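# Coordinates in review
Each chain, written out:
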Amino acid sequence: LLRAANNSGRHGHRNYALMLLCYRHGLRPGELTDLRWKMVDLRRKLLRVERHNYGINSVHPLSPSELSALRNLKKEYPRHSHLFVTDSGNVLGKRTVARIFREAGENAGLKVNVSPGMLRLSCGYALADAGHSMVAVQHYLGYQNVRHAVRFFKLPDKPFRDFWKTLAAEGR
């Protein structure tokens, strides 16, 4: 998906950075379009995430691939306060962001309509699968209430199959 975004014409680097940051930081479409350079600290490798929907703001570390994408973006659009802009300097709108994601999904050969929300949820599932706690995922994604992070921690289909096996073997 990221490769398809990167190969999407003259705005490939921008679209790649857009999708990478969306996934790595679990950003909503409006949070993506509101990102400004003053929220990025390339020297300290940090991104200040300002959440919408009464979410919890936080500061996230930036990976080497994100830093590289952001540096390329800064070279391409040096005079703008927002990260993601059009040729004319206007901030990308949520509808345009949705189109970029959808087209990248089509170019990648995916049979589903890819959206920023899908990448936000994928971020949550990836963090849960990596063993992070529910509360850590809740705060990383900016949820006020932990009940919104529960979906990422679904039990397997047969979670209780071997519950008593160990205890039975011990004679309990």
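See the structure above.
The text that follows walks through the structure, step by step, so that each part is easy to find. (Residues numbered from 1 in each chain as written. Predicted model: local features only at pLDDT ≥ 70, side-chain atom pairs only at ≥ 80, totals over all residues. Heavy atoms only, no water.)

This brings us to the packing of aromatic side chains. If you walk through the whole model with that rule in mind, you get 1 aromatic pair. On the numbers, 4.9 Å between centres and 85° between planes, the contact of Y125 with F152 is edge-to-face. Residue Y125 is found in helix α6 (residues 116–129), and its partner F152 is found in the loop between α7 (134–140) and α8 (165–169); the two are separated by 27 residues along the sequence. Given the relative accessible area of 37%, Y125 is considered partly exposed. Exposure remark for F152: the relative accessible area of 5% places this residue in the buried category. (Phe/Tyr/Trp six-rings, centres within 6.5 Å; stacked < 30°, edge-to-face > 60°. Helix = DSSP H or I, 4+ residues; strand = E, 2+ residues; numbered from the N terminus. Buried < 20%, exposed > 50% of the residue type's maximum accessible area, 1.4 Å probe, protein only.)

If you check helix α4 (residues 64–76), its first and last C-alpha atoms are 19 Å apart, about what 13 residues at 1.5 Å a residue would give, namely 18 Å. The set of residues buried in α4 consists of E66, L67, A69, L70 and L73. The arc that holds every buried residue of α4, seen down its axis, measures 165°, which confines them to one face. Exposed positions of α4 whose direction lies more than 90 degrees from the buried face are P64 and K75. (Expected span 1.5 Å × (residues − 1). Arc of directions from axis to C-beta.)

The grouping of L1, L110, V112 and M118 at the surface amounts to a nonpolar patch, some 300 Å² of accessible area in total. Mapped onto the elements of the fold, L1 is located in the segment before α1 (2–6). Residue L1 is classed as partly exposed on the basis of its relative accessible area of 32%. (Patch = residues over 30% accessible without salt bridge, like charges linked within 9 Å, V, L, I, M, F, W, Y side chains within 5 Å. Areas by Shrake-Rupley, 256 points an atom, 1.4 Å probe, with all protein chains shown as cover. Salt bridge = Lys/Arg side-chain N within 4 Å of Asp/Glu carboxyl O.)

If you trace the 3 strands from one edge of the open sheet to the other, you get β1-β2-β3, paired in antiparallel fashion. Looking at strand neighbours, the two that pair on one side only are β1 (40–41) and β3 (58–61), the edges of this open sheet. (Pairing = 2+ DSSP bridges.)

It is worth spelling out the environment of N107 at this point. Relative to the elements of secondary structure, N107 occurs in helix α5 (residues 94–107). As a C-alpha pair, N107 and N7 span 100 residues in sequence and 9.0 Å in three-dimensional space.

The topology assignment puts G105 in helix α5. The buried category is assigned to G105, whose relative accessible area is 0%. Sequence separation between G105 and Y23 is 82 residues, and the spatial gap between their C-alpha atoms is 14 Å. Those residues in contact with G105 that lie beyond four places of it in its chain are L1, L110 and V114. (Contact = heavy atoms within 4.5 Å.)

Turning next to α6. Counted at 1.5 Å a residue, the expected span for α6 with its 14 residues is 20 Å, and the 20 Å between its end C-alpha atoms agrees. Listed in full, the buried residues belonging to α6 are P116, L119, R120, C123, G124, L127 and A128. The positive-phi residue at the C-terminal boundary of α6 is G131, with phi of around 95°.

Successive side chains on a regular strand alternate, one facing one side of the sheet and the next facing the other. Burial of β3 is one-sided: the residues S58 and H60 facing one way are buried, the residues V59 and P61 facing the other way are not. Pairing analysis gives 4 bridges linking strand β2 (residues 46–49) to β3, with the strands arranged antiparallel. By the bridge assignment, R48 is partnered in β3 with V59.

This next bit is on the pairing of β2. With burial as the criterion, only one face of β2 is covered, namely that bearing L47 and V49; the residues L46 and R48 on the opposite face remain uncovered. Bridge count between β1 and β2: 2 bridges; the pairing is antiparallel. Opposite D41, over in β2, you have L46 as the bridge partner. Connecting β1 to the next strand, β2, in antiparallel fashion are 4 residues, including K45 with a positive phi near 65°.

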